[in-house]
Amino acid sequence: MPSDEYFRRTAITRLTDLSREDERLLFATIDEWRDACNLASDLAWKRYETKSDMQDLAYDRIRDETELGSQHAVLACHEVASVVTSCTEKLRNGKKASKPRFTARSITYDRRSMTVFPAKEQVSLTTLGDHARVRADLALPAEDDGYQYAFLDGEGWEYTESTLHYRDDEWYLHLGFRKLKADNAGSTTENGTVLGVDLGVNQIAVTSTARFFDAGELNHMRREFEKTRAGLQETGTQSAHRTLEARRGRERRYVRHVLHTVANGIVEEALEHGCDGIVFEDLEEIRMQLPEANWHSDWAFRTLKKYVKYKAEIEGLFIETIQPRNTSKQCAECGFTGDENRTGSEFECQSCGNRNHADYNAAKNVAKRYLRRGHQSSRRRGVSQYALKSGSRTPS
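Residues numbered from 1 in each chain as written. Predicted model: local features only at pLDDT ≥ 70, side-chain atom pairs only at ≥ 80, totals over all residues. Heavy atoms only, no water.

The name that an unreviewed UniProt entry assigns to the protein is Transposase, IS605 OrfB family, with the source organism given as Haloterrigena turkmenica.

1. Notes on the overall build of the protein
In terms of helices and strands, the protein carries nine helices and 16 strands. Every one of the 396 residues in the protein was classed for burial, and the buried ones make up 46%. In the protein, of all internal contacts separated by at least 6 residues, the share reaching a separation of at least 24 is 65%. Counting every atom, the protein has about 21000 Å² of accessible surface; 43% of that belongs to carbon and sulfur. (Helix = DSSP H or I, 4+ residues; strand = E, 2+ residues; numbered from the N terminus. Buried < 20%, exposed > 50% of the residue type's maximum accessible area, 1.4 Å probe, protein only. Contact = heavy atoms within 4.5 Å. Areas by Shrake-Rupley, 256 points an atom, 1.4 Å probe, with all protein chains shown as cover.)

2. So, the nonpolar core
Grouped together as the largest cluster of nonpolar side chains are 47 residues, with contacts concentrated most on Leu15, Leu26, Ile62, Met114 and Leu164. When sequence neighbours within four positions are dropped, the list of residues in contact with Leu164 reads Leu15, Leu26, Arg105, Ser106, Ile107, Tyr109, Leu125, Trp171, Tyr172 and Leu173. Residues Val255, Leu259, Leu304 and Leu317 belong to the second largest nonpolar core, which totals 30 residues. (Core = buried A, V, L, I, M, F, W, Y, C linked by side-chain atoms within 4.5 Å.)

3. Side note on the pattern of salt bridges
Under the definition given, this model contains 15 salt bridges. Here Asp31 makes a salt bridge to Arg34, at a shortest N to O gap of 2.6 Å. Taken as a pair, Asp31 and Arg34 lie in helix H1 (residues 20-44) at a separation of three residues, close to a single helical turn. Here Asp31 falls in the partly exposed class, since its relative accessible area comes to 33%. For Arg34, a relative accessible area of 18% gives the class buried. Residues participating in the shared-partner salt-bridge network are Arg9, Lys309 and Glu313. (Salt bridge = Lys/Arg side-chain N within 4 Å of Asp/Glu carboxyl O.)

4. Observations regarding a positive patch on the surface
Taken together, the side chains of Arg250, Arg252, Arg253, Arg256 and Lys306 define a basic patch exposed on the protein surface. Looking at the positive patch element by element, the count peaks at four residues for helix H6 (residues 238-272). (Patch = residues over 30% accessible without salt bridge, like charges linked within 9 Å, V, L, I, M, F, W, Y side chains within 5 Å. Lys, Arg positive; Asp, Glu negative; His and termini not counted. Charge placed at Lys NZ, Arg CZ, Asp CG, Glu CD.)

5. A short note on the packing of aromatic side chains
Applying the stated criterion across every chain yields a total of seven aromatic pairs. Summarising the aromatic geometry, the rings of Tyr166 and Trp171 are spaced 4.6 Å apart at their centres and angled 55° between planes, so their arrangement reads as tilted. Of the two residues, Tyr166 and Trp171, neither departs from the other in class, the shared state being buried. Ring centres of Tyr307 and Tyr310 lie 6.3 Å apart, and the angle between their planes is 80°; on these two criteria the pair is classed as edge-to-face. Taken together, the residues Tyr307 and Tyr310, both in helix H8 (residues 298-314) and three residues apart, mark about one turn of the helix. Pairwise contacts between aromatic rings join Phe27, Tyr166 and Trp171 into one cluster. Sitting above the plane of the Tyr159 ring, Arg111 keeps its charged end 4.3 Å from the centroid. Taking NZ or CZ as reference, Arg135 lies 3.9 Å from the ring centre of Phe117, over its face. (Phe/Tyr/Trp six-rings, centres within 6.5 Å; stacked < 30°, edge-to-face > 60°. Lys NZ or Arg CZ within 6 Å of the ring centre and 35° of its normal.)

6. Points about a negative patch on the surface
On the surface, Asp53, Asp56, Asp60 and Asp64 cluster together into a patch of negative charge. Tracing the backbone shows Asp53 in helix H2 (residues 51-65). Asp53 gets classed as partly exposed once you look at its relative accessible area, which sits at 34%.

7. Re the sheet that holds strand S3 (residues 114-117)
What the seven strands build is an open sheet, ordered S2-S6-S7-S1-S5-S4-S3; its pairing is antiparallel. Every other strand in the sheet has two partners, leaving strand S2 (106-109) and S3 as the edge strands with one partner each. Taking the axes of each pair of neighbouring strands and ignoring which way they run, one obtains an average angle of 30° across the sheet. As paired strands, strand S6 (residues 158-167) and strand S7 (residues 170-180) are joined by eight bridges and run antiparallel to one another. Along S7, the bridge assignment pairs Leu164 with Leu173. Of the strands in this sheet, strand S1 (6-16), S2, strand S4 (122-126), strand S5 (133-139), S6 and S7 are in contact with H1, which crosses S2 at around 90°. Contacting S2, S4 and S6, helix H3 (residues 70-92) runs over the sheet at an angle of about 110° to S2. (Pairing = 2+ DSSP bridges. Axes fitted to C-alpha atoms, helices over the stretch in contact; angles between N-to-C directions.)

8. Let's talk about the sheet that holds strand S13 (residues 342-343)
The strand order S13-S14-S15 describes an open sheet built from three strands, whose pairing is antiparallel. Unpaired on one side and paired on the other, S13 and strand S15 (355-357) mark the two borders of the sheet. The sheet contact formed by S13 and strand S14 (residues 346-348) spans two bridges and is antiparallel. Bridging across to S14, Arg342 finds its partner in Phe347. Relative to the sheet, helix H9 (residues 358-372) contacts S13, S14 and S15, its axis offset from that of S15 by approximately 90°.

9. A few points about H3
Taking 1.5 Å per residue as the helical rise, H3 with its 23 residues ought to reach 33 Å, and the 33 Å between its terminal C-alpha atoms agrees with that figure. Taken together, the buried positions of H3 are Gln71, His72, Ala73, Val74, Leu75, Ala76, Cys77, Val80, Ala81, Val84, Cys87 and Thr88. Positioned one or two residues after H3, Gly94 has a phi angle of 80°, which is positive. (Expected span 1.5 Å × (residues − 1).)

Following this line, the structure appears as structure tokens:
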């Protein structure tokens with residue numbers, strides 16, 4: 001089937017409990033892989049080979065001149081064909097491109113050269129020849145909520161082409177997974193429901209069903225990271241610089257973890273309330289409206305939406321955006337708009353007296369604005385309502 005028939009994801013883990021002999025075999029296999037790829041690159045350069053052409057051209061030479069097994073010889077041909085094709089396109093478009101050279105300590109595996117044992121949390125990898133294999137444990141999170149388990153144990157996910165990397169004295173396996181997309185061709189949503197999401201200052205996100213994702217801890221951690229960065233920058237030594245880079249990586253990983261958790265919660269909320277889609281504010285304008293938000297940045301907003309998008313896709317939910325202008329100042333009950341309606345996190349309509357949490361009021365406006373937009377029929381979506389909880393709501 002064509003590749004667009006599948007959702008594709010990557011789960012990163014490490015190999016553990018490798019013996020010296022196991023590592024020797026893996027290093028030797030990677031060395032042979034690089035030699036094979038460079039051999040194929042020399043043969044194919046400027047000959048514009050397809051994958052099948054490349055296999056005809058280089059397979060026998062790779063088998064004769066390296067110790068790779070048959071499947072890795074095929075994979076090397078495919079790897080080089082993809083890279084050479086990319087370089088060729090650059091040349092055809094008048095851009096510079098040189099013959100690819102393969103130097104990284106990495107190698108590609110597929111279902112014929114790798115076996116994953118989810119129950120045992122192990123993997124078996126082909127090394128030199130067709131039968132020599134290394135079996136290793138996978139370093140997975142102790143808690144069952146590690147994202148890797150969603151693919152290793154998840155229904156419908158199958159492992160596919162993956163890459164083994166050696167860096168920083170560790171073996172990292174980037175496990176590729178794919179899942180067949182549901183056939184939604186020609187389907188429409190009659191009387192569908194959407195979930196509105198407002199991105200805020202003290203709340204990372206609030207849904208139209210009154211689920212609050214608090215930013216307090218995230219703001220605190222960002223301030224602590226900022227203090228540490230300032231001290232290291234003031235020190236200015238080479239050691240401080242290395243520590244600073246490590247801290248930046250730690251901060252980015254922490255924020256990603258928080259955003260993954262929020263994205264999971266938003267998708268769960270949509271599924272719990274039978275929604276067909278999730279509606280956000282347009283990210284191009286929202287940052288200008290939240291200059292005082294400590295947790296946010298263009299990267300954080302876009303990363304959160306990206307996480308929600310791919311998690312929602314898997315569940316068959318669509319993602320849309322609306323212009324956020326005045327969603328925080330407009331009353332979701334009567335529609336009156338005024339600057340005086342909102343004071344911090346409090347919302348009180350000066351026309352009808354409606355009182356509510358300001359971000360919850362805005363989340364309802366996000367969903368309502370999407371419903372009022374006249375584009376649903378052209379998008380083949382008969383959305384007619386949004387998920388909400390009535391009454392006044394505050395963060396619990």
